[in-house]
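# Coordinates in review
Here is what each chain is made of, one letter per residue.
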2 protein chains.
Amino acid sequence: MNLLNNGSGIYTDYYQLTMAQGYFLTGRTDAVSCFDYFFRENPFHGGYVLFAGLTDVLEMIEGFSFSDEMIEYLRPLGFNDDFLRYLRTFKFRGTITSVREGEVVFPLEPLLRIEGTLIEAQIVETLLLNILNFESLIATKASRVKAAAGGRRVVDFGLRRAQGLGGIHATKAAIIGGIDATSNVFAAFHNGFEVSGTQAHSWVQSFNDELTAFRKYAEVYPDRCILLVDTYNTLRSGLPNAITVGKELEERGHHLMAIRLDSGDLAYLSKHARNMLDQAGLPYVKITVSNQLDEYVIRSLLEDQGAPIDIFGVGTRLITGQPAAALDGVYKLSMCDREPRLKFSENYTKLTLPGVKTIYRFLNEEGLFSADGVTLDGEPQPESIFHPFFPEQRSSLKHCTSEVLMQKVMDGGRTIVKSSAQESAQYAQKRLSHLAGEHKRFEFPHIYRVGISQKLLSLRAKLVEELQQKF
Amino acid sequence: MNLLNNGSGIYTDYYQLTMAQGYFLTGRTDAVSCFDYFFRENPFHGGYVLFAGLTDVLEMIEGFSFSDEMIEYLRPLGFNDDFLRYLRTFKFRGTITSVREGEVVFPLEPLLRIEGTLIEAQIVETLLLNILNFESLIATKASRVKAAAGGRRVVDFGLRRAQGLGGIHATKAAIIGGIDATSNVFAAFHNGFEVSGTQAHSWVQSFNDELTAFRKYAEVYPDRCILLVDTYNTLRSGLPNAITVGKELEERGHHLMAIRLDSGDLAYLSKHARNMLDQAGLPYVKITVSNQLDEYVIRSLLEDQGAPIDIFGVGTRLITGQPAAALDGVYKLSMCDREPRLKFSENYTKLTLPGVKTIYRFLNEEGLFSADGVTLDGEPQPESIFHPFFPEQRSSLKHCTSEVLMQKVMDGGRTIVKSSAQESAQYAQKRLSHLAGEHKRFEFPHIYRVGISQKLLSLRAKLVEELQQKF
C-alpha cells in the first residue's frame, strides 16, 4: 500500500536530488548503473533474516513521481529549470532483480539489484532502504516470536507503541514473519488480515462492578467473548467473575472463548487460572496473555515454567523490533558506465562486491540449505566458494544441487512479480523449514556459509589492486 | 499532517470498535467519561520527556471518520447495522485539555485528558497513543543529541533507517527536540524545515577517479559544496583531492563549504583533516561527520577527544529513538458517568489517579522548575504535595509561585490551539532552559519531584478502600 500517493518523489533524502541534478548537469543523464541492496549483520544476534518489503517497494517505485506542487517546492532549493522539467516527467524505468519476499537470507548477499540510469537508481534509494530495512527487521523478529510460541497463536497488539505510521508496514511484516492476526484494523483492511481483540481495562472500569462489565460484554458477544480478568484482582475477582459468566453462557448454549491476563506474573497466574477454569468445568476456555512479551519471555513462560498459555498478544517489542532499531541494510554502486565499481574502505569488511551479481543456494542431501554462493551474473553453478574476507577458507560444493535465488521482479519500470503478505508468509514458512535448527537459535547460532565465486574474488582483487596503486 | 485521509477511523485497534459497539448496544452511547494520557518512566534512563505529537494528534482526531468503504469492510466482522450507521456519521466532539507541545514533562503526570462520550474517547485511543508515544520519544532523544553537540549544528540523516513511514513524524519530532535541519525532503516539504545533504559514496564511485568526481560536484554547486572524502582513503586521497578542489574554488571566487567523514575513527580523522585544511589555507572549510552517532558518541568525540567537528549528521539512533523503542505512554479511564474511576493493580506503582485533574508547576526563586503537583481540576494551588506512592514523603510549597500547565486545545471536536513544529521547538528550548542541569544528565539524573495534592490522595485512598472491601 502506498500512502504517499503522488507525492512519493519527495520521500527521499535531499542529497539524492542534488546528486541527480549533478548527473543531469554534467551530461550523465543516461549513464547506466547497477546498485545492490544488502545488509552486513543479522539483527538480534540471530542467524538469518527474512527478506520483506519487496512488494511495497515495487509499488512505491512504480508510483514514484513529482507533482507540480513538489516541483514548485524544489525550485527555490537550488534546482534549475531544465532539471526540474526533467523531474516533472520522471518515471522509474529500470529493472529490478531480487530474491523473493519471505526468503531466508544472510549477510553480504546482494538481495536486490537495480539496473537503470544513475539518476533513477539513485533517487529511489531512500525509500527502498527505508521499507526493506524495516519490513525485513520486523518479519525476522516475528519469525522468532512465532518460533518461541511453538505453534500457539500469536497476535500483534502493537499499533499503540509502533513508531508512528511505521505500524502499518510493521503489521504487514509481522504477518509475513508468521504472526497469525492483528489488532491493527488499518493494516487488516488494506491486506485482508484477520483482526483480533476484545476489551480493555476501561471497559471493566466503566461499569460499577466487574461482574456487570463481564455480563454486558457476554450479552453483546456471546460467541466470541474474551474477558480481561486483571483490572482489580485476577484470582480473587477477575477469574471468579469470568467463571460465573462462563457458566451463564453455557446455560444459554454458548461458550466463553477465553480469558486474558495482562499483568502480574503470567506463569503463576496462568497456572492458577487453568486450574480454576478446569475445576469449574470450563476446560475449553483458552488463556490469552499479553504484557511486554517477546521471544525470550515466551520461551521462558512455556519451557521453563510450563505455563498453560494458548494465545500470546505481543506488542511493543514485536512492532518496533526491539532491541534492534533497524536492519543495517545499505545500497551500493556495483557497476557504472558498464565498468564494475567498488567502495573501498579502511575497514576491509566494508569492501563492496563489484559487478552485476546473483546468488546460488546449495542444498544438502536432505534438502536443507547448506551454503549460498554469490557469483557474477551468468556464471554457471560454482564448484567451490570462498569466504568473502578470508579467501583461504574455501568450500567445495561440487556435488550439491543448487537454486538461483534472484529473479526479475520489475522490468522497464513495470512490476512483473507480486506477492500478497499471506503468500510471502507461506513462502517464508516453507523456506524456514529448510533452514537447520542450529541457524535458528535465538543467540549464538551456527553461522550460515555465504561465499563468493572465484571469478568474483578475482574481479574484486583486481579492482582493489588498481585502487591501491593510486595512493 | 494526516496521510490517512478519510480512512483514519480504522487506524485503531479492533477492540476499540468491539467495545464501542458494546457501549452502543448496552445503552451507554451517551455515557460521559474522562481519560488521561500519561507515561510511567522516562526513556533513555533520562530525567525528563519533551511532550510532542499534540498537533498531529489533534489534526488526526479532527479528521477521524469512517468512509462507506470502511463501513462495508467492518460489516462482516461482527458489527451490527445500527452501530455501523452510527459509525458512518461518527465525529469526535469531545474536549481535549493538554500541556503544550514542547513542554518538559515527567512520569505520572496526566499530560492530556479527553472528556467526551465513552465511545468517542475510546476509539481515538490507539492513534493518540501511537503518535504521542512516538513523537515524544524522538523529541526527547533529539534534545539529548542536540545538548551533546553543545550548540553545533545537528542534521537528521535518518530516513533510510527509520521505521517505515514513521520517519515522517520522527523528523518532525526531531525538529521539535532541537535538531537544525533534515535530509528528509517529505517532512521538510510538509513542515517547512530546512533541508540538508550533499553527496553519497556512489557519486564518487560513479566517476573514474575521485578528483574528477569532486571537481564535477564543485562545478554544479560552487557555493554549497560539501565533499565526502572517505570513499577510497580519507587522508591519502579524499582530503588531498578536496583541498585541490577547495583551492580551485577559491581561484574562481567561491569557498568550499565543508568536507564530510562517514567512516573510520572520527576523532582521529577530524583532527588530521582540520590540520590539513588549515595548513592548506582553508581554515573556513567545515568538518561534518556522520556514522552511528548518538548523544554518547558525540559527547565522547567533543569532550574526551576534543575533535574539531562543526556539524553532526545523525541517523538511525535519532530517528528510531535507540536504545528505547517506544515511550510507555498509556491512556486510562479516570472518570465515568461522573464518578471517579481507578485501575487497581497488584503492582501499586500501576495504580491510576482518579478524577479530572490538572498540573501545577512550581518555580523556585531563580525561575527554575522546582516541582510539579497533580491536583483535581479546579483546586487552588496546593500548599504541599505528596509523593504518589510514598505519601509520607511530602513537600511544602507554600511560598513558591506556580503555573498551570494544562490548557484546553480542542473544544467540541474543534482544535483551538495549534503550534507549528518550529514554534514547539522554540517553546521546548525555552522550557528546557528552566530545567536545572542535574535533571538533564544523560544517565542517573536527579529525579524531578512530581507529587499529588491532599485531595487527590484522599480520593484515591477512598476508592482503593472501597475496592479492597469487595475482595
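Residue positions are given per chain, counting from 1 as you read along its sequence in written order. Both sets of labels track the order of writing: A upward for chains, 1 upward for ligands. Given that the model is predicted, a residue must reach a pLDDT of at least 70 before its local features are reported, and side-chain atom pairs must reach 80 or more before they are shown or counted; all residues, however, enter totals for whole chains, interfaces and linings.

## Thoughts on the overall build of chain A
Cut-off, in case you're wondering: We count a stretch as a helix when DSSP gives it H or I for four or more residues in a row; a strand needs E for two or more, and each element gets its number in order from the N terminus. To assign burial, the other C-beta atoms lying within 10 Å of each residue's own C-beta are counted, with C-beta atoms placed from the backbone; 20 or more indicates buried, 12 or fewer indicates exposed, and intermediate counts indicate partly exposed. Residues are defined as contacting one another if the C-beta atoms placed from their backbone atoms lie within 7 Å.
A count of helical and extended segments in chain A gives 16 helices and 21 strands. Here the C-alpha coordinates of chain A stretch approximately 80 × 60 × 35 Å along the principal axes. Burial analysis of chain A (471 residues in total) assigns 55% to the buried set. Relative to all contacts within chain A whose residues are 6 or more apart in sequence, the contacts with residues 24 or more apart total 73%.

## Comments concerning helix H6 (residues 125–149) of chain A
We apply this condition: The length a helix should cover is 1.5 Å for every residue beyond the first.
Here H6 of chain A is 25 residues long and its end C-alpha atoms lie 36 Å apart, about the 36 Å a rise of 1.5 Å per residue gives. In terms of burial, H6 of chain A is a largely internal element, 24 of the 25 residues being buried.

## Overview of the confidence of the model for chain A
Any segment with low pLDDT has predicted coordinates that should not be analysed in fine detail. The condition is simple: Confidence scores per residue from the predictor, reported as pLDDT, run from 0 to 100.
Looking at chain A, the pLDDT average stands at 95 and 99% of residues meet or exceed 70. Model confidence for the complex is summarised by a pTM of 0.97, with the ipTM given as 0.96.

## Comments concerning the sheet that holds strand S20 (residues 414–415) of chain B
Residues and elements named next belong to chain B. The condition is simple: Paired strands, as defined in this entry, are two strands with at least two bridges between them according to DSSP. Helix axes use the C-alpha atoms of the stretch in contact, all axes being lines fitted to C-alpha atoms, and the angles between their N-to-C directions lie in the range 0 to 180 degrees.
Pairing is antiparallel across the open sheet formed by seven strands, whose spatial order is S13-S12-S1-S5-S3-S19-S20. Of all the strands in the sheet, just strand S13 (339–340) and S20 have a single pairing partner and so form its edges. Each of strand S3 (95–98), strand S19 (407–411) and S20 touches helix H2 (residues 54–62); the most contacted strand, S19, lies at about 25 degrees to it.

## Considering the interface of chain A and chain B
Keep this limit in mind: Residues are sorted three ways: Asp, Glu, Lys and Arg are charged, Ala, Val, Leu, Ile, Met, Phe, Trp, Tyr, Cys and Pro are nonpolar, and all the rest, Gly among them, are polar.
Taken together, the contacts link 85 residues of chain A with 86 residues of chain B. Considering every element that reaches the side of chain A that touches chain B, the biggest residue donor is helix H1 (residues 14–25) of chain A, with eight residues. Its residues assigned to classes, the side of chain A that touches chain B shows 38 nonpolar, 36 polar and eleven charged.

## Some words on the environment of Ser290 of chain A
Residues and elements named next belong to chain A. Positionally, Ser290 belongs in strand S10 (residues 286–290). Linking Ser290 and Val154, residues 136 residues apart in sequence, is a C-alpha distance of 10 Å. Ignoring anything within four residues of it in the chain, the contact list for Ser290 reads Phe157, Arg260, Asp262, Gly313 and Gly315.

## Observations regarding the relation of the copies chain A and chain B
To keep things clear, this is the line we draw: Least squares is used to superpose the copies, and the fit set is the C-alpha atoms of residues whose pLDDT is at least 70 in both copies.
Between chain A and chain B, the superposition needs a rotation of 180 degrees and an axial shift of 0.0 Å, giving an RMSD of 0.0 Å. The transformation relating the two chain copies, once decomposed into turn and shift, fits a two-fold axis. The C-alpha atom lying nearest the rotation axis in chain A is that of Gly166 of chain A; the distance is 2.1 Å. When the interface residues of chain A are mapped onto chain B, 100% of them again lie at the interface, so the same face is used by both copies.

## Examining the packing of helix H11 (residues 234–251) of chain A against helix H12 (residues 266–279) of chain A
All names here are of chain A. Selection rule: It is the rotation of the near helix from the far one that decides the hand of a crossing: anticlockwise by less than a right angle makes it left-handed, clockwise makes it right-handed.
Relative to each other, H11 and H12 sit at 35 degrees, their axes nearing to 11 Å. Note on packing geometry: the crossing formed by H11 with H12 is right-handed. Mapping the contact onto sequence places Thr234, Leu235, Leu239 and Ile243 in H11 and Leu269, His272, Ala273, Met276 and Leu277 in H12. Tallied by class, residues from the contact of H11 with H12 come to seven nonpolar, two polar and no charged.

## A closer look at the packing of helix H10 (residues 210–220) of chain B against helix H11 (residues 234–251) of chain B
Residue and element names in this part refer to chain B. Following both chains from N to C, one finds H10 and H11 inclined at 35 degrees, their axes separated by 9 Å at the closest point. Judged by the twist between their axes, the crossing of H10 over H11 is right-handed. Side by side, H10 and H11 meet where Glu210, Leu211, Phe214, Arg215 and Ala218 of the first sit next to Ser237, Gly238, Asn241, Ala242, Thr244, Val245 and Leu249 of the second. Taken together, the residues of the contact of H10 with H11 break down into six nonpolar, four polar and two charged.

## Some words on the pairing of strand S6 (residues 153–156) of chain A
Residue and element names in this part refer to chain A. When S6 meets strand S11 (residues 311–314), the two strands line up parallel, connected through four bridges. In the sheet register, Asp156 faces S11, and the bridge partner there is Val314. Where S6 and strand S7 (residues 181–182) come together, two bridges link them in parallel fashion. Paired with Asp156 across the strands is Thr182, a residue of S7.

## Re the environment of Val404 of chain A
All names here are of chain A. Summarising the element assignment, Val404 is placed in strand S18 (residues 401–404). Among the residues examined, Val404 registers 13 C-beta atoms within 10 Å and is labelled partly exposed. Sequence separation between Val404 and Val374 is 30 residues; the distance between their C-alpha atoms is 9.9 Å. In contact with Val404, other than residues within four places in its own chain, are Thr358 and Tyr360.

## Here's the deal with the sheet that holds strand S9 (residues 258–261) of chain A
Residue and element names in this part refer to chain A. One open sheet accounts for six strands, arranged S7-S6-S11-S10-S9-S8; its pairing is parallel. Both edges of this open sheet fall to S7 and strand S8 (226–228), since each of them pairs with a single strand only. Pairing of S9 with S10, which is carried by four bridges, proceeds in the parallel orientation. Bridge pairing links Arg260 to Thr288 in S10.

## Considering the pairing of strand S5 (residues 112–117) of chain A
Residues and elements named next belong to chain A. Burial of S5 is extensive: five of the six residues sit out of reach of the surface. As paired strands, strand S1 (residues 32–38) and S5 are joined by six bridges and run antiparallel to one another. In the strand pairing of S5, Phe35 is matched with Ile114. Pairing between strand S3 (residues 95–98) and S5: four bridges, direction antiparallel. Considered in S5, the bridge of Ser98 is made with Leu112.

## Remarks on unusual backbone geometry
For the peptide bond that leads from Gln322 of chain A to Pro323 of chain A, omega is 0 degrees, which places it in the cis range. Considering the arrangement of structural elements, one finds Pro323 of chain A in the loop between helix H14 (316–319) and strand S12 (330–336). One non-glycine residue, Asn291 of chain A, lies in positive phi territory at about 115 degrees. Relative to the helices and strands, Asn291 of chain A resides in the loop between S10 and helix H13 (295–304). Look at Arg338 of chain B: it is not a glycine, yet its phi comes out positive at around 65 degrees.

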